[in-house]
Amino acid sequence: MKKETLIVHAGRKPEKQSGSVNPAIYQTSTILFPTQEAYDNAARGEEYYDPIFEGKTTDPSYGLAATPTIFALQEALCKLDGADYAFITPSGLSAISLAITSLVNHGDHILVSDSVYGPTRRFCIKDLSRFGIETTFYDPQIGSGIKDLIKPNTKVIFVESPGSLTFEIQDIPAIAKEAKKHNIAVVMDNSWASPLYFDSFSHGVDICIHAITKYIGGHSDIVLGAVTCRKDYAEPLTKHFKFSGLHVSPQDCYLALRGLRTMAVRLKQHQENALSITTWLKKRPEVSRILYPALPEHPGHDLWKRDFTGATGLFGIILKKHYPKEAIYKFIDSLKLFGIGCSWGGFESLILSLNPGISRSVTKWEPEGSYIRVYAGLENVDDLIGDLEQGFKHLKP
Ligand SMILES: *Cc1c(COP(=O)(O)O)cnc(C)c1O
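Quick caveat, the model's predicted, so the values are computed rather than measured.

### A short note on the overall build of the chain
- Scanning the chain for helices and strands turns up 13 helices and twelve strands.
- Projected onto its principal axes, the C-alpha positions of the chain cover 75 × 50 × 35 Å.
- Counting across all 397 residues of the chain, residues that qualify as buried make up 57%.
- Surface exposure of the chain reaches about 17200 Å², of which carbon and sulfur atoms provide 54%.

### Overview of the site of the ligand
- Every one of the 15 residues lining the ligand counts as a neighbour, but Gly92, Leu93, Asp189, Thr213 and Lys214 are closest to it.
- Aspartate 189 places a polar side-chain atom, nitrogen or oxygen, 2.6 Å from a nitrogen atom of the ligand.
- At a separation of 2.5 Å, an oxygen atom of the ligand approaches a polar side-chain atom of threonine 213.
- Ranked by residue count, the leading element in the shell around the ligand is helix α4 (residues 92-103), at three residues.
- Along the lines of polarity and charge, the residues of the shell around the ligand split into seven nonpolar, five polar and three charged.

### Structural notes on the confidence of the model for the chain
- Of the residues in the chain, 96% have a pLDDT of 70 or more, and the chain-wide mean is 93.
- Contacts from residues 51-58, a stretch scored under 50 in pLDDT, to residues over four places away or in other chains number 22 contacts.

### Regarding α4
- Under the 1.5 Å per step criterion, the end-to-end length of α4 is 17 Å for twelve residues, consistent within 8% with the ideal 16 Å.
- The element α4 is largely enclosed, with a buried count of ten among its twelve residues.
- Among all positions of α4, only Gly92, Ser94, Ala95, Ile96, Ser97, Leu98, Ala99, Ile100, Ser102 and Leu103 are buried.

### Quick notes on the packing of helix α10 (residues 263-282) against helix α13 (residues 381-392)
- In the contact formed by α10 and α13, the axes pass within 10 Å of each other and the chain directions differ by 30°. As for how α10 packs across α13, the hand of that crossing is right-handed. In this structure, α10 uses Asn273, Ser276, Ile277, Trp280 and Leu281 to contact α13, whose residues at the interface are Val381, Leu384, Ile385, Leu388, Glu389 and Phe392.
- Its residues assigned to classes, the contact of α10 with α13 comprises eight nonpolar, two polar and one charged.

### Topic: the pairing of strand β6 (residues 207-211)
- Burial analysis of β6 places five of its five residues in the buried class, which makes it a mostly covered element.
- The alternating pattern of β6 places Ile207, Ile209 and Ala211 on one face and Cys208 and His210 on the opposite face, and all of these are buried.
- Note: strand β5 (residues 185-189) against β6, three bridges, orientation parallel. Paired with methionine 188 across the strands is cysteine 208, a residue of β6.
- Bridge analysis of β6 against strand β7 (residues 225-229) gives five bridges, and the strand direction is antiparallel. Within β7, the residue paired with isoleucine 209 across the bridge is valine 227.

### Observations regarding the sheet that holds β6
- Here we have seven strands laid out as an open sheet, ordered β1-β7-β6-β5-β4-β2-β3, and mixed in their pairing. Looking at the sheet topology across the chains shown, the edges are occupied by β1 (85-89) and β3 (134-138). Averaged over all adjacent pairs, the angle separating strand axes in this sheet is 20°, with direction ignored.
- Against the sheet, helix α5 (residues 118-127) contacts β2 (109-113), β3 and β4 (154-160), and its axis sits at roughly 145° relative to β3.
- Contacts from helix α6 (residues 172-181) reach β3, β4 and β5, with the element oriented near 175° to β4.

The rules behind these values
- Residues numbered from 1 in each chain as written.
- Predicted model: local features only at pLDDT ≥ 70, side-chain atom pairs only at ≥ 80, totals over all residues.
- Heavy atoms only, no water.
- Helix = DSSP H or I, 4+ residues; strand = E, 2+ residues; numbered from the N terminus.
- Buried < 20%, exposed > 50% of the residue type's maximum accessible area, 1.4 Å probe, protein only.
- Areas by Shrake-Rupley, 256 points an atom, 1.4 Å probe, with all protein chains shown as cover.
- Near = heavy atom within 4 Å.
- Polar contact = N/O pair within 3.5 Å; in protein donor to acceptor, adjacent residues only side chain to side chain.
- Nonpolar A, V, L, I, M, F, W, Y, C, P; charged D, E, K, R; others polar.
- pLDDT = per-residue confidence, 0-100.
- Contact = heavy atoms within 4.5 Å.
- Expected span 1.5 Å × (residues − 1).
- Axes fitted to C-alpha atoms, helices over the stretch in contact; angles between N-to-C directions.
- Left-handed = near helix turned anticlockwise from the far one by under 90°.
- Pairing = 2+ DSSP bridges.

See the structure below:
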């Protein structure tokens with residue numbers, strides 16, 4: 001089955017719920033058993049709890065361990081990623097921290113891309129370090145050069161491609177090839193491309209992270225994350241997930257499934273709108289460069305074409321010069337259709353003035369002009385371009 005078909009069908013079991021197309025929302029803490037022995041068997045089974053649960057192990061003995069609504073989302077994400085296991089977490093960031101902490105011990109070392117999502121960097125520097133785990137940041141475009149940074153105690157190489165602020169495309173197969181030689185896990189934050197536009201496991205990734213909050217949820221109404229993996233990494237992730245007491249709301253899982261079903265058509269439109277807007281922006285006298293991997297002049301375009309099957313709605317603009325803060329803020333504040341806020345992946349367009357340079361440590365971020373990040377939503381693209389056009393009138397040197 002193609003991914004567009006899986007998105008519609010995966011994880012659904014109408015025959016088990018009176019024919020309803022969508023799963024019920026199981027709002028549960030206590031789970032009751034017919035006999036004490038049945039409870040004992042279930043509780044014992046949970047030591048080896050199989051989170052995808054296809055009848056291979058026992059029923060959960062307690063709502064913390066998951067409910068059928070959560071199973072449905074786990075199963076859908078597994079099928080979509082070609083994974084064996086999926087863990088649903090309270091946020092994208094908690095999926096990142098779960099994946100990394102499952103794989104490291106005191107005294108270990110990890111490698112993290114310098115273009116990584118800011119809170120991932122903060123987690124590594126401010127939190128992992130407390131447990132004696134050392135992080136080295138690396139140039140996102142390092143490719144097979146990663147081998148020079150590998151130490152005997154390196155356990156994880158963390159990749160994010162493209163970076164969600166600066167949009168470098170990483171050569172993940174080249175990095176994974178070096179990682180395999182040393183039995184190091186490649187962990188990827190795949191939130192930008194989603195499972196639809198980047199097939200992580202076939203490119204050498206071992207553990208994949210999705211901020212469900214973004215495209216899978218798709219409607220700016222839930223915060224949720226997921227970690228997926230194949231059998232080889234099931235044990236450390238299953239144990240750490242279970243020990244951590246992480247739980248997600250069945251309502252949020254329901255909304256994630258509801259968002260997932262339309263993700264293919266939404267992403268197509270986000271891509272089309274982003275392509276039209278970036279093509280128009282390139283001709284603006286104020287604009288120097290656009291950071292969007294689908295554009296032929298993007299430095300990572302060839303890698304993107306080789307490894308990805310689509311681009312989504314998020315991109316960056318670099319202006320020809322550094323405008324005073326007041327001018328940039330006037331431009332942004334004058335927009336009627338672009339919301340001012342972080343996150344992305346919902347239906348509405350967004351814009352923000354940001355400085356990616358503040359979260360860099362081994363590569364330089366010194367662009368020729370001011371940086372603005374744009375998220376193309378699902379509005380009519382002529383309306384969006386019209387809004388930007390009137391906005392530029394307020395961008396005065
Ligand atoms: C938003 C985001 C996350 C974190 O997701 P939350 O659900 O907000 O914690 C992780 N990675 C990337 C690239 C993101 O944009």
